[in-house]
Amino acid sequence: MIKLGKLTIIGVLFAVTTAFNADTALDAANEASAIVGVWMPSEGTAYVKIFKEKGKEIYHGKIVWLKEPNDEEGNPRKDPNGKPILNMLNLRDFVFEDDEWVDGTIYDPKSGNTYYSTIEMVNKDKLEVRGSLDPFGLVGRTDTWVRMKTN
Amino acid sequence: MTKSLWILLLTCCILPLSVLAQDDPPIEEEDEDSFVDYSNLVQTMENKAFASSRIIGQVPIKVFSLGYDFQTAHTLQPEPFVPGGAATENEINSAQGARFSINYPVFSKNYFLLNLGLNYAETNYSFATPTTAASDPLSQALDNNGLRTLGFTATAFKPLDIKRYLILQFGANLNGDYSISNMQSLKYTRYTGAAIYGIKSNDRKMWGLGLSRTYVGGALNYLPVYYMLYTAKSEKWGLEMLLPARFQYRRNINSKNMLLAGWEVEGNTYRISNDENRYKLPYNDMELRRSELRFRISWEHAITPQIWLSTQAGYRYNWSFDVDRGDFFRPFGDDTPFLAETNFTNPAYFNISINWVSP
C-alpha cells in the first residue's frame with residue numbers, strides 16, 4: 001500500500017484546484033466570447049459585428065453591412081443626428097454575467113434613441129437582444145439575431 | 001410603499017438621460033480581423049423577418065399617462081324620464097376630471113407583441129344651480145357623482161411576415177355614476193373588441209381594415225374600421241387614423257415637438273344607478289349613451305426622450321347624451337325611442353397630460 005504524506009496530499013489538492021479554477025476561468029472566458037461574430041437582426045437589413053474591447057472584458061457591436069447603404073439621393077445613409085450608419089457603434093459596454101451579456105446599451109439609428117440592453121444566447125447561432133426604456137428591462141422589446149458565416 | 005414606487009418611477013424616467021448623454025469615443029478591438037467581405041456572408045439558420053408595429057416619425061406610444069380634462073361652460077337641456085316628470089334646463093359651469101392610463105408591453109418580441117392596459121377617467125360636473133330631488137334623474141346623477149370609466153385593455157399585434165399583420169384588441173369597461181367608495185357591480189361590465197388585418201408597406205406606411213364591437217357612438221354597435229399610420233418621405237408630416245373614431249394630421253417639427261390636428265370620438269355607455277330607488281322610478285336599468293366628437297389641435301413635446309407633455313385644445317361637439325333602458329345593439333339609424341333625450345350645447349375643451357413614452 002502506498003503511503004502519502006500530508007504535504008503530498010496538499011500538493012495534489014492544490015494542483016487539482018488550480019487546474020479546476022483555470023479551467024473554469026477559461027470556460028467563462030470562452031462562454032463570454034461566444035458572442036463575438038457577425039449577427040443579423042430579424043429585419044434582415046443590417047449586420048452587426050460584436051467584438052471584445054482590447055484588454056477588457058467588455059463587448060461592443062458595430063453595424064458593418066447595410067442592405068441599402070445609400071439613401072434615395074445616393075448619399076450614405078445617416079441617423080437622425082446626421083451620423084453615417086455604416087460602421088456606427090450601436091451596441092456598447094456589455095459585460096458577461098450569469099450566462100447573459102448585461103449592462104449595455106443599444107442605439108436605434110432609425111429613431112436616434114438609445115435603450116438599455118441585455119443579450120441572451122439561445123444557442124451558438126441565435127441571440128435574443130432586448131432593448132428597454134428602463135434599466136430593469138421592464139418596458140422593452142426583444143429581437144432575434146442570427147449568426148452570419150462565410151459562404 | 002408609495003414612496004418606493006415614486007423612486008422607482010423617477011429612476012426609470014431619469015436614468016435614460018445619462019444613457020443618451022454618452023458620446024462615442026473610438027474603441028479598439030481585441031482581435032481586429034483582416035478584410036471580410038460582409039456581403040458574402042450567409043445565415044447560419046433561418047431568421048424570419050416580421051413587420052414591426054410602428055413606423056418612423058409616429059407619435060410616441062404612451063406607456064403611462066396622467067392627465068386632466070376640462071370642458072368650459074355649457075347648457076344641459078334634459079327631458080323628463082316619466083310623463084310629467086321634472087326636467088329643468090341647467091347651466092354647467094365646467095365638466096372636468098383626471099385621466100390615467102397604463103399600456104404595458106407584457107410580451108414584446110419581434111414575432112408577437114401583447115400590451116395590457118388599465119385606464120381610468122372621470123368627469124365631474126359643476127352645476128350653476130345645484131340639483132334637487134325635483135331635478136331630472138340624469139342631472140342629479142351628474143351633480144352627485146359625475147361619470148366614471150374604469151377599464152382594462154389587451155392589445156395583441158401579430159405580424160404574419162415582413163408585410164402582413166393582425167391586431168386584436170379586447171376591452172372591458174365599468175362605466176357609470178358610481179364613486180370609488182361605492183363601486184358598481186362587475187355585472188355591468190361592457191365589452192369591446194376589434195380585429196384588424198393590415199399591410200405594412202414600408203417603414204413609413206402601414207394600414208389595415210377590420211371590424212369592431214364598440215360603444216364609440218354611445219350605444220353598442222358593430223363598425224368597420226380603417227387603420228393607417230403614414231409618414232411622408234420628407235419625414236416632416238404624416239397621418240394617423242383609426243376611422244371612424246380618430247383622425248390626426250401630424251406635423252413633425254423636430255425630434256422634440258409635434259403638432260397634431262384632427263378629431264377623436266369618445267363614447268361609452270354609462271349605468272345610471274337607481275339603487276334604493278333614489279330617483280323614484282319604476283326601473284333600475286338606465287344607460288346613458290354618451291358620445292362626443294372632439295375637434296382638436298395638440299402639441300406633443302419631449303421634456304426628456306422618455307417624458308412627453310401633451311396639451312390639447314379644441315371644441316367638444318355633443319353627438320349623444322341620451323338615456324336608454326338596458327344595454328342593447330343600436331345600429332346607426334335605429335329609431336328605437338330613447339327613454340330620455342338630452343341636448344347639450346358645445347363648449348371648448350382643454351386637456352393636458354404627462355406621459356412616459358416608448359419612443
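Because the structure is predicted, anything quoted here is derived from the model rather than measured.

Caption draft 1: Main features of the overall build of chain A. Counting its secondary structure elements, chain A contains one helix and eight strands. Helices and strands appear in chain A in the N-to-C order α-β-β-β-β-β-β-β-β. Out of the 151 residues belonging to chain A, those deemed buried represent 34%. Within chain A, counting contacts between residues at least 6 apart in sequence, those at least 24 apart form 32% of the total.

Caption draft 2: Quick look at the overall build of chain B. Of regular secondary structure, chain B possesses two helices and 17 strands. Within the span of chain B, comprising 359 residues, buried residues form 32% of the whole. Residue pairs in contact within chain B that sit at least 24 positions apart in sequence constitute 61% of those at least 6 positions apart.

Caption draft 3: Local environment of the pairing of strand β4 (residues 89-97) of chain A. Residues and elements named next belong to chain A. As defined by bridge partners, strand β3 (residues 59-66) adjoins β4 across three bridges and the pair is classed as antiparallel. When the sheet's bridge partners are listed, K62 is paired in β4 with L89. In this structure, β4 lies alongside strand β5 (residues 100-108), joined through five bridges in antiparallel fashion. Paired with F96 across the two strands is W101, which belongs to β5.

Caption draft 4: Here's a closer look at the pairing of β5 of chain A. Residues and elements named next belong to chain A. Between β4 and β5, which follow one another and run antiparallel, lie two residues, and D98 among them has a positive phi close to 50 degrees. Here β5 pairs with strand β6 (residues 113-123) via seven bridges, running antiparallel. Counterpart to E100 in the pairing with β6 is E120. Hairpin connection, β5 to β6: the antiparallel pair is bridged by four residues, and G112 has positive phi, about 80 degrees.

Caption draft 5: Spotlight on the nonpolar core. If you look at the biggest cluster of nonpolar residues, it comprises 34 residues, and the most contacted ones within it are W39, Y47, V48 and I50 of chain A. Among the elements that make up this core, the one with the highest residue count is strand β2 (residues 46-52) of chain A (five residues). The residues touching I50 of chain A, leaving out its near neighbours within four places in the chain, are I35, V36, G37, W39, Y59, G61 and L91 of chain A. In this structure, F81, I272, L339 and F344 of chain B belong to the second largest nonpolar core, which totals 18 residues.

Caption draft 6: Spatial organisation of helix α2 (residues 137-144) of chain B. Residues and elements named next belong to chain B. Counted residue by residue, α2 has seven buried out of eight residues, so it is predominantly covered. Looking at α2, one finds that the buried residues are P137, L138, S139, Q140, A141, L142 and D143. For α2, the elements touching its buried residues are β3 (74-77), β4 (90-109), β5 (112-127), β13 (257-272), β14 (286-302) and β15 (307-325). Two residues or fewer after α2 comes G146, characterised by a positive phi angle close to 70 degrees.

Caption draft 7: The arrangement of the environment of E53 of chain A in detail. By the element assignment, E53 of chain A lies in the loop between β2 and β3. Accessibility expressed as a C-beta count within 10 Å gives 16 for E53 of chain A, which makes it partly exposed. Each C-alpha atom, one on E53 of chain A and one on D93 of chain A, is 9.0 Å from the other, the two residues being 40 residues apart in sequence. Every residue in contact with E53 of chain A, bar those within four places of it in the chain, is listed here: I58 and H60 of chain A together with I27, E28 and E30 of chain B.

Caption draft 8: Spotlight on unusual backbone geometry. The peptide bond linking L243 of chain B to P244 of chain B adopts the cis configuration, its omega dihedral lying at 10 degrees. Tracing the backbone through its elements, the reader meets P244 of chain B in the loop between β11 (237-243) and β12 (246-254). You will see that N87 of chain A, though not glycine, has its phi angle at about 70 degrees, which is positive. Here N87 of chain A is to be found in the loop between β3 and β4. Phi at D103 of chain A is positive, roughly 65 degrees, even though this residue is not glycine. Under the C-beta neighbour-count criterion, D103 of chain A is labelled partly exposed, with 16 such atoms within 10 Å.

Caption draft 9: Seen up close, the confidence of the model for chain B. In the predicted model, chain B carries a mean pLDDT of 90, and 92% of its residues have values of at least 70. The ipTM value of the predicted complex is 0.71, and its pTM value is 0.84.

Caption draft 10: The interface of chain A and chain B, seen in detail. With 39 residues of chain A at the interface, the matching set in chain B holds 33 residues. Elements that contribute at least two residues to the side of chain A that touches chain B include exactly β1 (37-40), β2, β3, β6 and β8 (140-150) of chain A. Per element, the largest residue contribution to the side of chain A that touches chain B is ten residues, and it comes from β8 of chain A. When the residues that make up the side of chain A that touches chain B are grouped by side-chain class, the tally is 14 nonpolar, 13 polar and twelve charged.

Caption draft 11: The arrangement of the environment of N173 of chain B in detail. All names here are of chain B. Note on placement: N173 falls in strand β7 (residues 164-176). Between the C-alpha atoms of N173 and Y191, which are 18 residues apart in sequence, the distance is 6.4 Å. In this structure N173 touches T149, G151, T189, R190 and N268, once residues within four positions along its chain are discounted.

Caption draft 12: Representation of the environment of S126 of chain B in the model. Residues and elements named next belong to chain B. Within the secondary structure, S126 sits in strand β5. Here S126 falls in the partly exposed class, since 15 other C-beta atoms lie within 10 Å of it. Residues S126 and N144, spaced 18 residues apart in sequence, show a C-alpha to C-alpha distance of 9.6 Å. The contacts of S126, once residues within four sequence positions are left out, are I92, N93 and S94.

About the cut-offs
- Residues numbered from 1 in each chain as written.
- Chains lettered and ligands numbered in written order.
- Predicted model: local features only at pLDDT ≥ 70, side-chain atom pairs only at ≥ 80, totals over all residues.
- Helix = DSSP H or I, 4+ residues; strand = E, 2+ residues; numbered from the N terminus.
- Buried ≥ 20, exposed ≤ 12 C-beta atoms within 10 Å, placed from the backbone.
- Contact = placed C-beta atoms within 7 Å.
- Pairing = 2+ DSSP bridges.
- Core = buried A, V, L, I, M, F, W, Y, C linked by C-beta atoms within 7 Å.
- pLDDT = per-residue confidence, 0-100.
- Nonpolar A, V, L, I, M, F, W, Y, C, P; charged D, E, K, R; others polar.

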